[in-house]
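The primary structure of each chain is shown beneath.
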Amino acid sequence: MSAAEHRLYFLLQLVAHRLKKRADATLKQSADLTTAQAAALSIIAKDGPVTQRFVADKLSQRESAVMTMVTRLLVADYISRERSVSDRRAWELSITAKGSDALTLIKGPFDEINDLLDKNFDADDTGQLAASLKKILAALDH
């Protein structure tokens, strides 16, 4: 059967929405973060110090959308912001100790989501699905 006959786009949207909703609820309880904020915080922790533009590019988001997340993370003291040494017009974002603690707190909720996925896919299905989704992402990038 074709993607249209299986209504794959609709099913992907529905599953993504419900997974995000569940993850947002559990992340809110554990560290007062959304999945989008957690993604931004993870990027800053892994690659920091980084610019807001870098985070936006990694998330495939507009810089204005990331600005809201960055502001929230700054207010919560999960990240800090300093002028770039190499480009005085830019700000560099770094994770704080409180931000590192938040990343530790959200590990459990993400483990729960991944456990749900693991329970509903066998190892071969997971690998095949991941490979297929990466191919779709690559096709969308071209």
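Cut-offs and rules
Residues numbered from 1 in each chain as written. Predicted model: local features only at pLDDT ≥ 70, side-chain atom pairs only at ≥ 80, totals over all residues. Heavy atoms only, no water. Core = buried A, V, L, I, M, F, W, Y, C linked by side-chain atoms within 4.5 Å. Buried < 20%, exposed > 50% of the residue type's maximum accessible area, 1.4 Å probe, protein only. Helix = DSSP H or I, 4+ residues; strand = E, 2+ residues; numbered from the N terminus. Contact = heavy atoms within 4.5 Å. Patch = residues over 30% accessible without salt bridge, like charges linked within 9 Å, V, L, I, M, F, W, Y side chains within 5 Å. Areas by Shrake-Rupley, 256 points an atom, 1.4 Å probe, with all protein chains shown as cover. Salt bridge = Lys/Arg side-chain N within 4 Å of Asp/Glu carboxyl O. pLDDT = per-residue confidence, 0-100.

A.B. asks: Would you mind going over the nonpolar core with me for this structure?
C.D. replies: Looking at soluble globular proteins, one finds that nonpolar side chains tend to be buried together. With 21 residues, the main nonpolar core has Leu33, Leu41, Val55, Leu73, Tyr78 and Ile79 as its most contacted residues. Where this core is concerned, the elements lending two or more residues are helix H2 (8-31), helix H3 (35-47), helix H4 (52-59) and helix H5 (63-75). Ranked by residues supplied to this core, first place goes to H3 with 5 residues. Ignoring any residue separated from it by four or fewer positions in sequence, one finds Val55 in contact with Ala40, Ile43, Ile44, Val50, Val66 and Leu93.

A.B. asks: Mind showing me how you'd approach a nonpolar patch on the surface here?
C.D. replies: A cluster of nonpolar side chains, contributed by Leu8, Phe10, Leu11, Leu12, Leu14, Phe121, Leu129, Leu133, Ile136, Leu137 and Leu140, occupies part of the molecular surface with about 940 Å² of accessible area. The set of elements that each furnish at least two residues to the nonpolar patch consists of H2 and helix H8 (123-141). Mapping Leu137 onto the fold places it in helix H8.

A.B. asks: Looking at this model, I keep getting lost on the confidence of the model for the chain. Mind explaining?
C.D. replies: Parts of the model with low pLDDT should not have their predicted coordinates read in detail. Taken residue by residue, the chain gives an average pLDDT of 92. The fraction at 70 or more is 100%. Looking across the chain, the model is least confident in helix H1 (residues 3-6), with a mean pLDDT of 88, and most confident in helix H6 (residues 97-105), with 96.

A.B. asks: Just checking my understanding: could you explain unusual backbone geometry for this structure?
C.D. replies: Peptide bonds are trans in most cases, and residues, glycine excluded, mostly fall at negative phi. The omega torsion of the bond from Gly48 to Pro49 falls at 0°, within 30 degrees of zero and hence cis. Here Pro49 shows up in the loop between H3 and H4. Unlike most non-glycine residues, Arg7 shows phi in positive territory, near 55°. With respect to the helices and strands, the residue Arg7 is situated in the loop between H1 and H2. With a phi close to 55°, Asp32 is a non-glycine residue in the positive phi region. Mapped onto the fold, Asp32 is located in the loop between H2 and H3.

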